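Report on the structure
One-letter residues, chain by chain:
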Amino acid sequence: MGQMPLYQKETIVEISDLKSRHPDHFAKATALRMLAIDAVQAANSGHPGMPMGMADVATVLFQNHLKFDASAPNWPDRDRFVLSAGHGSMLIYGLLHLTGYQDMTIEEIANFRQTGAKTAGHPEYGHASGIETTTGPLGQGLATAVGMAMAEQSMQARWGKKIVDHHTYVIAGDGCLMEGISQEAIGLAGKQRLGNLVVLWDDNGITIDGKVSLSDITDQMTRFEASGWSVFSCDGHDPDAIDRAITQAKQSPLPSLIACQTHIGYGSPAKQDTSGAHGAPLGADEIAIVRGIYDWPHAPFIIPADIQAGWRKIGARGQSERSAWEARKAALSASKQAEFDRIIAGEAPKRLSAAIKAFKKNISETAPKLATRKASQMVLEVVNKVMPETIGGSADLTGSNLTLTDGLNMFDADNRKGRYVYYGIREHGMAAAMNGLALHGGCKSYGGTFMVFADYMRGAMRLSSLMGIPTTYVLSHDSIGLGEDGPTHQPVEHLAMMRATPNMNVFRPADTVETAEAWELAMTSTSTPSALALTRQGLPTVRVEHKTKNLTAQGAYVLADAVGKRRVILMATGSEVEIALKARDILQAKGIGTRVVSMPCWELFEAMDEKYRRKVLPAGPVRVAIEAGSRFGWDKWLCGERGKYNKAAFIGMEGFGASAPIDALYEMFGITAEAAAAKAESLL
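Residues numbered from 1 in each chain as written. Predicted model: local features only at pLDDT ≥ 70, side-chain atom pairs only at ≥ 80, totals over all residues. Heavy atoms only, no water.

Re the sheet that holds strand 14 (residues 530–533)
The strands that make up a sheet are held in pairs by hydrogen bonds between backbone atoms, and each pair lies either parallel or antiparallel. Applied cut-off: Two strands are counted as paired when DSSP detects at least two bridges linking them. Think of it this way: any DSSP run of H or I at least four residues long counts as a helix, any run of E at least two long counts as a strand, and we number them from the N terminus. For helices, the fitted line uses only the C-alpha atoms of the stretch in contact; every axis is such a line through C-alpha atoms, and the angle between N-to-C directions lies from 0 to 180 degrees. Note on contacts: a residue pair is in contact if any heavy atoms of the two residues lie within 4.5 Å.
Pairing is parallel across the open sheet formed by 6 strands, whose spatial order is 10-9-11-12-14-13. Two strands close off the open sheet at either side, each with one partner strand: strand 10 (420–422) and strand 13 (505–507). Each neighbouring strand pair of the sheet contributes to a mean axis angle of 20 degrees, computed without reference to strand direction. Pairing of strand 13 with strand 14 involves 3 bridges; the strand directions are parallel. Bridging across to strand 14, V506 finds its partner in A531. Each of strand 11 (444–450) and strand 12 (472–476) is contacted by helix 19 (residues 454–467), which is oriented at about 160 degrees to strand 12, the strand it contacts most.

Given below as structure tokens:
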């Protein structure tokens, strides 16, 4: 598969040769190295070694290959560049500054890692233009880039090569390739034959603990080749060799790995090829020596005008190509231009709201009993017809998550117009790819698995929240209600885990109507990911009175109010709302006025003003929460928000579940209407 001969470390171009044979290249790369060295020293914190080692590769990539325009950082048809080895963040910051990204000033470089600076310790999406994704947790950038490459291929199939035709480039380190998510990602990319994806591996043989050989013997080239990749290698300090390798990789119909053999801390007599260059400043004395070796007499953060001009020329190289692209886009019909702009902006079509309202009305009138996973599929039938940008999938649980709808067809190398991805048993890789699909623009990603396996997706889920991107996680089999599969598959703590994550909307709908409302909110979100916790077991329709208003958008609302004096408030989510309503019947039969509050999304309820929250949860009545999960987090609503500890109780799980039929499990763990009513009555 196009493997070039490996280089040995001793054959790598030395600095004296690099300076004499490639003076212009060396000057540009040295500017990158010195910005990293000086910024890390000023911050007394950071990772100088990787930028020093990969500066030659990055210079060749940006000068000769990367399609971008620094004056238009959001140009949709730009190549994507992902620094998966995010600890080397000064490499990307230096590149952005030198090529002329307006918001990456020299002051930002000098303020590296300081309060309020765009130059955070690791690259953060949204902090500065040109940062395509947040990286730092190793392997995430590589796996996210797979999703970006998939998005490009999907968009190209829909819009044609004249509008969408670009590459995704990744710089990854040894740590990225050791993390387990990397195998999920490269296996998926190989299966998808993503020839638009090129990974530049910083093959320097060093990790924090020392030599890679201390902990790993993997033949990475063979591993990638076995996963369906083309593999190449080059001297990572020889610009001609780097250029040849990238050129060959771009010609491959497969995703490509280029092993760039480099020296970490290149040019530092005391730190080169040691872990000492990885995560600490070089020190003033060593920097003085390195300045001499580099022939760089300039003060920190001073870039000579001729070198700066050369870099700015690189940053402007794509302007003519962007202008030509804009002309091609302008040749589209007005309606096609508007549609392209809409999906790139991540805006839902106006007709989505009407479609959801019509669906809700039909459900309220017919009142079916459905598992919310099935309800989700029914809603998706509506959503996918009005949103051609959706790309769904599942981690080998399509028939269980019910994430596939009619007409989506499989997305693969033979059908890029397909909108459904069979991710295989790769939950973590799936979640990261979904982030990449969302970040690229033009795609609305959702993917399913069992809720218990949110554990496997956790790293990528957290990043979607941190970045503020609207990825949607479809998590079925959400409680002991899944039955006989037992405690290994029955979530208990998972709702609490997801609710504890900042900027994540966790929806646990009680019926098909709430499921439709949750999907509408997920599809209209532009800055918050959504997790939908869905049941295996059938649930009755509890919203039998049609409301055009999206009540789930309020987070919590009064589903059934007390008859007579209100003495009890029962709060519940999902499958336990049915139990709360039955408990209300028991209490009302005894003359105890009982309100039932459905709480499908805590986060949205918390965001409502205090006046509304007080209306839903007034002071005075006894409060009982019912949920087939952990109590963790519920005390906010039981004892806070005008509640009292001595007038509050929880009906739910105190430990793990068990393998048994669903009805037996709810009895076994005391999650019943009778138990809830008795508990409420005991608190009066």
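Re the environment of A664
Looking at the element boundaries, A664 is found in helix 26 (residues 662–668). For A664 and G481, which are 183 residues apart along the polypeptide, the C-alpha to C-alpha distance reads 10.0 Å.

Overview of the nonpolar core
Put simply, the test is: Buried residues of nine kinds, namely Ala, Val, Leu, Ile, Met, Phe, Trp, Tyr and Cys, make up a nonpolar core once their side-chain atoms join them within 4.5 Å. Three labels apply to residues, based on accessible area from a 1.4 Å probe with only protein chains included: buried if under 20% of the type maximum, exposed if over 50%, partly exposed otherwise in between.
Ranked by internal contacts, the top residues of the largest apolar core, which has 68 residues, are M150, L197, Y423, Y473 and M498. Top contributing element to this core by residue count: helix 6 (residues 140–159), with 10 residues. Membership of the second largest hydrophobic core comes to 67 residues, among which are L83, L98, A249 and W296.

As for the packing of aromatic side chains
Describing an aromatic ring pair means giving the distance of the ring centres and the angle of the ring planes. As a reminder, the rule being used: Stacked, edge-to-face and tilted are the three classes for Phe, Tyr and Trp ring pairs, Trp counted by its six-membered ring, which pair at centre distances within 6.5 Å; planes under 30 degrees apart are stacked, over 60 edge-to-face, the rest tilted. The rule is short: NZ of Lys or CZ of Arg within 6 Å of the ring centre and within 35 degrees of the ring normal puts a charge over the ring.
If you walk through the whole model with that rule in mind, you get 18 aromatic pairs. When the centroid spacing of 5.2 Å and the interplanar angle of 85 degrees are considered together, the rings of F62 and F81 count as edge-to-face. With F62 in helix 3 (residues 49–65) and F81 in strand 1 (residues 80–83), the pair connects residues that are 19 residues apart, well separated along the chain. Between W602 and W634, the aromatic rings sit 4.7 Å apart at their centres with planes inclined by 80 degrees, giving edge-to-face as the arrangement. In this pair, W602 is assigned in helix 23 (residues 602–607) and W634 in the loop between strand 19 (622–626) and helix 25 (635–638), connecting sequence segments 32 residues apart. Among the aromatic side chains, those forming a connected cluster through ring pairs are W602, F605, Y612, W634, W637 and F650. Against the face of W602 rests R499, its NZ or CZ located 3.8 Å from the ring centre. Above the face of the W637 ring, K636 is positioned so that its terminal group lies 5.4 Å from the ring centre.

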